[in-house]
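Results of the structural survey
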Amino acid sequence: MITIKGLRDGLLVIFDQQPWLTQVRELESKLEANAHFFKGGRIAMDVRSLALSRDEIKRVDALLTQHEVSLWAILSQDESTRHTIKAFGFATSLAEQSQPVAEPSGAESEQNAAENTVTEGTDGLLARKRVRSGQILRHPGHIVVIGDVNPGAQLIAGGDIIVWGKLHGVAHAGALGDNSAVICALELMPSLLKIADATRTSSPLSQKRGRIKQPETAMLELQEIKITSWREK
Amino acid sequence: MQSVVITVTSGKGGVGKTTCSANVGCALALLQKKVIVMDGDIGLRNLDIVMGLENRIVYDAVDVIEGRCRLRQALIRDKRAPELYLLPTAQTRDKSAINPQQMVQLCDELRKDFDFILIDSPAGIEQGFHTCLAPANRVLIVTNPEVSSVRDADRVIGLVESQEKGPAHLVINRLVMSRVKRQEMLSVDDIIEVLSTEVIGIVPEDENILMSTNRGTPVALNGRSPAALAFHDIARRLTGEDVPLNTQQPTSFLQRLFGRG
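What counts and how
- Residues numbered from 1 in each chain as written.
- Chains lettered and ligands numbered in written order.
- Predicted model: local features only at pLDDT ≥ 70, side-chain atom pairs only at ≥ 80, totals over all residues.
- Heavy atoms only, no water.
- Helix = DSSP H or I, 4+ residues; strand = E, 2+ residues; numbered from the N terminus.
- Contact = heavy atoms within 4.5 Å.
- Areas by Shrake-Rupley, 256 points an atom, 1.4 Å probe, with all protein chains shown as cover.
- Core = buried A, V, L, I, M, F, W, Y, C linked by side-chain atoms within 4.5 Å.
- Buried < 20%, exposed > 50% of the residue type's maximum accessible area, 1.4 Å probe, protein only.
- Pairing = 2+ DSSP bridges.
- Axes fitted to C-alpha atoms, helices over the stretch in contact; angles between N-to-C directions.
- Left-handed = near helix turned anticlockwise from the far one by under 90°.
- Nonpolar A, V, L, I, M, F, W, Y, C, P; charged D, E, K, R; others polar.
- Domains from an automatic or database assignment.
- Buried area = accessible area lost by both parts, 1.4 Å probe.
- Salt bridge = Lys/Arg side-chain N within 4 Å of Asp/Glu carboxyl O.
- Patch = residues over 30% accessible without salt bridge, like charges linked within 9 Å, V, L, I, M, F, W, Y side chains within 5 Å.
- Phe/Tyr/Trp six-rings, centres within 6.5 Å; stacked < 30°, edge-to-face > 60°.
- Lys NZ or Arg CZ within 6 Å of the ring centre and 35° of its normal.

Here's the deal with the overall build of chain A
Within chain A one finds five helices and 15 strands. The contacts of chain A with a sequence gap of at least 6 include a subset with a gap of at least 24, amounting to 44%. Of the roughly 11,700 Å² of accessible surface on chain A, 50% is carried by carbon and sulfur atoms.

What follows is the structure, encoded as C-alpha cells:
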C-alpha cells in the first residue's frame with residue numbers, strides 16, 4: 001500500500017514492504033485516476049528499506065514524467081540504493097524541505113453528507129498568506145487559507161477548501177475523487193471551480209455585479225456545483 | 001552608508017522599467033549619492049539609449065565577466081550628475097552570458113565604490129530575471145494601472161518573496177488621475193488591494209517622457225515635469241527620507257464594478 005502525504009512544496013509518496021512492482025502499479029493507477037491532482041506537481045518518494053536497482057528507479061521516474069509529475073527526491077534506508085539515487089541526481093533527504101504536514105488523508109468517503117459530520121484525523125494545509133498569481137497550493141487533505149487568493153493562483157485539495165478571504169483564481173476540492181468536498185470563502189469569486197470531476201466556470205463580472213459580498217459555499221449536487229450563501233443554511 | 005543593490009523589474013514588458021531605472025538613478029545622483037545603473041537585459045540593451053550614452057560604449061558587463069577588460073574600463077561616466085555611471089550590457093549575446101553567481105560577484109565589486117547599484121531587469125520570469133534578482137537588497141516592481149500588468153506584477157512579487165528578496169516595493173507608473181476619476185483606470189487603492197505591497201512611488205503619465213527617451217535626456221536630470229518630480233520623490237524615499245505619497249484617490253474602479261448593490 002502506498003500512502004500520500006503533503007509537503008509544503010509538493011507531495012511525499014511512502015511505500016511499504018510489499019513487492020516494489022505491486023506498489024508501482026498502485027502508484028500508476030492513482031496517477032491515472034487522479035491525473036488533475038498530480039499533474040504539474042513535485043514528488044518525493046520514501047521507499048523505506050526496499051532495495052531498488054538502477055532500472056527500477058529509471059522506470060518509476062519515467063512513469064512520473066509521463067504523468068507530468070517531477071520526481072526530486074528518493075528517501076531510502078538501503079545504502080546501495082542511496083548511492084544509485086545520488087547517481088541519478090535526486091536528493092536523498094527532504095533536508096531543507098519542510099517536514100510532512102499531513103497524515104494520510106483518511107479513506108476517501110463516498111458519502112454525500114457534508115453536513116453534520118465531524119471528521120477526525122484528516123489533516124490539511126494551513127496557509128496564512130496571500131496566495132499570488134502563479135502559485136499553487138496542493139495537498140491530499142484539506143486546504144485552509146487565511147488571506148486572499150489572487151487571480152491566477154491555484155488551490156488543489158483532496159479534501160475541502162476554506163478561504164478566509166477572497167477566493168479568486170482556480171480552486172479544486174475533492175481532487176482525489178471525493179464528491180462530498182466543499183469550497184467556501186468569505187468572497188467566492190473564482191475564475192474556475194472544480195469539485196471532484198465537476199467544473200464550473202464563472203465570470204466575476206457578470207456574476208457578482210450588483211450582488212452583496214457575503215460568505216458562500218460551493219458543493220456538489222446531482223453532479224453540478226451549486227453555490228449557496230452561508231446565511232441560507 | 002552601506003551600499004544597496006536595487007533591482008527594477010516588472011513581469012510584463014513595456015511598463016517603464018528602463019525609464020524608471022534611468023530616472024531614479026539620475027535623481028539619486030542629484031542627491032549627491034554615488035550611483036551606478038546597470039543594464040540587466042542582455043541582448044536587448046536600451047538603458048544606454050534612454051540615458052543618451054549609447055555612443056560612448058566600448059566595453060560592457062559581459063566583457064568584464066569574461067575578462068576582456070577591467071570593471072573600471074566598462075563604466076561610463078555621466079557628466080550631467082556628480083557621480084553617475086552606466087554599466088551597459090552586451091547587445092550581441094543572450095541571457096546565459098551572465099549567471100546569478102557572476103552577477104552577485106559583479107555587484108559585490110561595485111559595492112566598494114557606489115552607494116546605489118540599480119539593475120534594470122528584463123521583463124519576464126526566466127533566467128535573465130533570476131540573474132538580476134540574485135544580488136538584490138531591494139526590489140522595485142513597476143506596474144501600470146491596468147489589469148494585465150498588475151497580474152504579472154503579482155506573479156513577480158510571489159517569486160521575489162519565495163527567493164526571500166522581499167519586501168518588494170511598488171512603482172505605479174503612468175497613472176492618469178482624470179481617467180481614474182472617470183473610472184476608466186485602476187486606482188492606487190485597487191492595485192494595493194490585489195498586491196498588498198508597499199507603494200514607493202506613483203508616477204503620473206507625462207508626455208515629456210517620450211521626448212526625453214528619444215533624446216536620451218532623462219526627465220529627472222533637469223525637468224520639473226510631473227514624472228520628474230515623482231522620480232525625485234522615489235529617490236528620496238530610497239535614501240530613507242519620509243516623503244508622503246500623493247494618494248488623493250477617488251472611489252475605486254473595482255469597487256464600483258464588483259461591490260455595489
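From this point, things continue past the structure.
Digging into the nonpolar core
Core analysis: the largest hydrophobic core is formed by 40 residues, its most contacted members being Phe231 and Leu238 of chain B. Excluding residues that lie within four positions of it along the chain, leucine 238 of chain B makes contacts with Ile6, Val24, Leu28, Phe116, Arg138, Leu140 and Ile200 of chain B. Core analysis: the next-biggest nonpolar cluster, separate from the first, contains 28 residues, Trp20, Val24, Phe90 and Leu176 of chain A among them.

A look at the sheet that holds strand S8 (residues 154–157) of chain A
Residues and elements named next belong to chain A. Sheet architecture is open: five strands sit in the order S6-S8-S10-S12-S13, paired in mixed fashion. In this open sheet, the two edge strands, each paired with only one partner strand, are strand S6 (136–139) and strand S13 (198–201). Going across the sheet, the axis of each strand differs from the next one's by a mean of 5°, ignoring polarity. Bridging between strand S12 (residues 192–195) and S13 involves four bridges; their strand directions are antiparallel. Bridged to isoleucine 195 within S13 is alanine 198.

Considerations on the packing of helix H7 (residues 147–162) of chain B against helix H9 (residues 188–195) of chain B
Residue and element names in this part refer to chain B. Axis separation between H7 and H9 bottoms out at 10 Å; the angle between their running directions is 35°. As for the relative orientation of H7 and H9, their crossing is right-handed in sense. Along the contact surface, H7 presents Val150, Ala153, Asp154 and Ile157, while H9 presents Ile191, Val194 and Leu195. Here the residues of the contact of H7 with H9 are counted per class, giving six nonpolar, no polar and one charged.

Some thoughts on the domain arrangement of chain A
Residue and element names in this part refer to chain A. Per the domain assignment, the segments making up chain A are domain 1 (3–88) and domain 2 (107–229). Listed per partner, the contact involves eleven residues of domain 1 and twelve residues of domain 2. Of the roughly 910 Å² buried at the junction of domain 1 and domain 2 (both faces included), carbon and sulfur atoms supply 62%. When the area that domain 1 buries against domain 2 is broken down by residue, the three leading residues are Asn34, His36 and Phe37, summing to 59%.

Quick notes on the pattern of salt bridges
All names here are of chain B. With the rule as written, the count across this model stands at 23 salt bridges over all chains. Linking arginine 68 and aspartate 63 is a salt bridge whose minimum nitrogen-to-oxygen distance equals 2.8 Å. Look at the salt bridges and you will find they share partners, linking Asp63, Glu66, Arg68 and Arg93 into a network.

Re a nonpolar patch on the surface
A surface patch of nonpolar side chains, amounting to about 330 Å² of accessible area, comprises Leu126, Ile146 and Trp164 of chain A. Along the chain, the position of isoleucine 146 of chain A falls in strand S7 (residues 142–146).

Thoughts on the packing of aromatic side chains
Evaluated as defined, the whole model comprises four aromatic pairs over all chains. On the basis of an interplanar angle of 20° and a centroid distance of 6.2 Å, the ring pair of phenylalanine 88 of chain A and phenylalanine 90 of chain A is categorised as stacked. Residue phenylalanine 88 of chain A is classed as partly exposed on the basis of its relative accessible area of 26%. What makes phenylalanine 90 of chain A buried here is its relative accessible area of 12%. Just above the ring of tyrosine 85 of chain B sits the side chain of arginine 72 of chain B; from NZ or CZ to the centre is 5.9 Å.

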